[in-house]
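One-letter residues, chain by chain:
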Amino acid sequence: MANEKVLIVDDDAFMREILSEILELSHFNVIAAKDGEEALETLFHTHDFELLITDIHMPKMGGLELINRLKDSHITIPIIILTGDKDISNAIEAIKFGASSFILKDENIHETITIAAQQALEKKRLQTENNQLLKNLSRANKDLEKVVHDLTEIGKELSAKNNLSTLLEMIISNSLKITTADSAWLCLLEDGRLNFKIAHCKSLNINLIEQPGCPMGFPFTPLDLNENNIAGLIALKKVTVNVPNVYENNLFNMELIKNFDQKFGYQTKSLLAVPLLNHENDVIGVLHLFNAMNLMTGEIFPFRKRSERFAESISSQAAVAMTKLSLINDMEQLFESFVDVMATAIDEKSPVTGGHIRRVAHLTMTMADVMNEQKEGKFQHIKFNPDEMYELKMAGLMHDIGKVTTPVEIVEKGKKLQTIFDRVEFIDLRLRYIVQKTKSESHLQKIALIKQGSSTEEIIKLDEAMKNKLDELEDIRLFLVKCNEPGEFLEDEKIERLKKISQITFIDDNNQEQALLREDELMNLCIRKGSITEAERKKMQAHAAMTIKMLKQIPFTKKLAGIPHFAGAHHEFINGKGYPLGLKGDEIPLQGKLMAVTDIVEALTASDRPYKKSMPLSQVYTILRDMARKDELDHDMVELFISENVYEKYRKKYESDS
Ligand SMILES: [Fe+2]
Ligand SMILES: [Fe+2]
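Residues numbered from 1 in each chain as written. Chains lettered and ligands numbered in written order. Predicted model: local features only at pLDDT ≥ 70, side-chain atom pairs only at ≥ 80, totals over all residues.

1. Section: the overall build of the protein chain
At step 1: Broken down by element type, the protein chain carries 22 helices and 15 strands.
At step 2: A globule of 658 residues ought to have a C-alpha radius of gyration of about 26 Å, yet the protein chain, at 50 Å, is considerably larger.
At step 3: A principal-axis box enclosing the C-alpha atoms of the protein chain has dimensions of 185 × 60 × 50 Å.
At step 4: A burial count over the protein chain gives 31% of its 658 residues as buried.
At step 5: Put simply, of all contacts in the protein chain between residues at least 6 apart along the chain, 64% involve residues at least 24 apart. (Helix = DSSP H or I, 4+ residues; strand = E, 2+ residues; numbered from the N terminus. Rg over C-alpha atoms; globule rule 2.2 N^0.38 Å. Buried ≥ 20, exposed ≤ 12 C-beta atoms within 10 Å, placed from the backbone. Contact = placed C-beta atoms within 7 Å.)

2. Let's talk about the sheet that holds strand E3 (residues 51-55)
At step 1: Spatially, E2-E1-E3-E4-E5 is the arrangement adopted by the five strands of the open sheet, whose pairing is parallel. Every interior strand has two partners, whereas the edge strands, strand E2 (29-33) and strand E5 (101-104), have only one. When strand polarity is set aside, the average angle formed by the axes of neighbouring strands in this sheet is 20 degrees.
At step 2: Bridge count between strand E4 (residues 79-83) and E5: four bridges; the pairing is parallel. Following the sheet pairing, leucine 82 is matched in E5 by isoleucine 103.
At step 3: Against the sheet, helix H2 (residues 36-45) makes contact with strand E1 (5-9), E2 and E3, and its axis sits at roughly 160 degrees relative to E1, the strand it touches most. (Pairing = 2+ DSSP bridges. Axes fitted to C-alpha atoms, helices over the stretch in contact; angles between N-to-C directions.)

3. Examining the nonpolar core
At step 1: The biggest cluster of nonpolar side chains holds 49 residues, and the ones touching the most others in it are Leu186, Cys187, Ala273, Val286 and Leu287.
At step 2: Leaving out residues up to four positions away in the same chain, cysteine 187 has contacts with Leu194, Asn195, Phe196, Lys197, Leu223, Ala231, Gly285 and Val286.
At step 3: With 43 residues, the next largest nonpolar core counts Ala361, Met365, Met367 and Val638 among its residues. (Core = buried A, V, L, I, M, F, W, Y, C linked by C-beta atoms within 7 Å.)

This is the structure we're talking about:
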């Protein structure tokens, strides 16, 4: 036993001497004090006493007061009380104050003092040990809490990432942090092969990540899924592998790791590799961690058991996050395909407007890019983030989705008399019938005249009358064909002539009177501008309301929630005279105002309208400015479109190949 230092306090010098001798025989290092005051002074100046043995009754300061004073001074030391009283009530009081035990000053004191001293010290040792254990436990608890917190945070961070590169970076950086590894790689299982996506090495400051169309290169060439390489083995067996020293291992093929060391001048020692298992326990990749490191000394050591658990936990969270990301991507692709199919259906529905939707979407994106770049002016604060750009693009691709319900004969109506075919042919047939009938009647009259022996003059007169009639009919035919064309403006006198022509009748083979022009044909031919009637225009315009109605039925995600509002507003005018809702000014979303401009530009510049040739840009700009002046289009947006040459930028970006 060590020479524990003991302070004996007793006013009886003989007793001090006896007790000192007894304890020194048991190898205690004994110091004596004659009363409480001297003991207190000694304890204040010397802090390495292990035990205090004190009498209760002493002249200057007794044992009980000494105990209290020590307590007040925060000096903690095991205390044994000595008492010569038969009445032990004072000794019991001392124990209540904090003494460990008491012994009687009797004939057995030479035995009891040693045992009591040893027991008090043992009790103190056990208490110290216990306190240490409690401290360690508390520290371990705190460490565990921190790890749980870190892993939870990592889980949250991982699940919040919507981009694969960012997600991979986060998996690697968190794995390195939580396992104190120096280097990490990650490969993913794609089409039956393990493709390396990312590799970081802190000490070499290497940060490699696969880019689209740009693989990571040697030594990170794709691996076959077999047991010949460690990643393949882990993926197939779904096990964690912890190798203390890569170069002293004969169990696994470490060629790739050795190649890495050779290429980059690295020295791999410890390895921890874990499979990435998704919610269905399928392997989606393998995470490799290298060289567990003491961050203070830089010493490399094998990965600890707890690092295995941490790496497995991160891998599991990473796999879930990646699976989620992949499902979201699949959903987005599915959605985009659906939008694409709808756009194709509408564009294919009519060759007249074919390609309109895609061109409007592209023009809209070009304009949005230009707005994002503005450093001054009205749009300097407009910054569409990637999600908003995506939302706008989808809105562009769906802006005319309501046209699926617009009758094709209206969408395609290139001539005024057109329905599913051009009714000018009917009128032509009627005219031919009248011509034939005129000729036949004239011939019959001619025969009658000849039979009657009429003069040649009369016959010539008849021929001339017939010819005049036929010329007139031909003139009418040509006039009607011309009126059938969707011109810029039909003058009043032409409408008057049409009305007169509509009064022409003829008797058909059934002896029924028929009109040369039906009421509906007259109404269509009288269209002053373009080729559609007012009723047809309303049906055409109904596509905007239908767009809103259809899009509102789609349960868009939060980041696409604006699509119905944006797409449905592309025919609204700033002055409130647009359709379908007649929104005014700021009631129209910015994206809607933007598409109003691009929709008009596309319609004017398109070369695939039957009655319109591609309009020169200068004329398009004049129309845009005119519409802005009339408060139909947003003035600043029109000026930005023109000044930034948005149309040329669009052509360069989207139509340079065509
Ligand atoms: Fe439209
Ligand atoms: Fe449109």
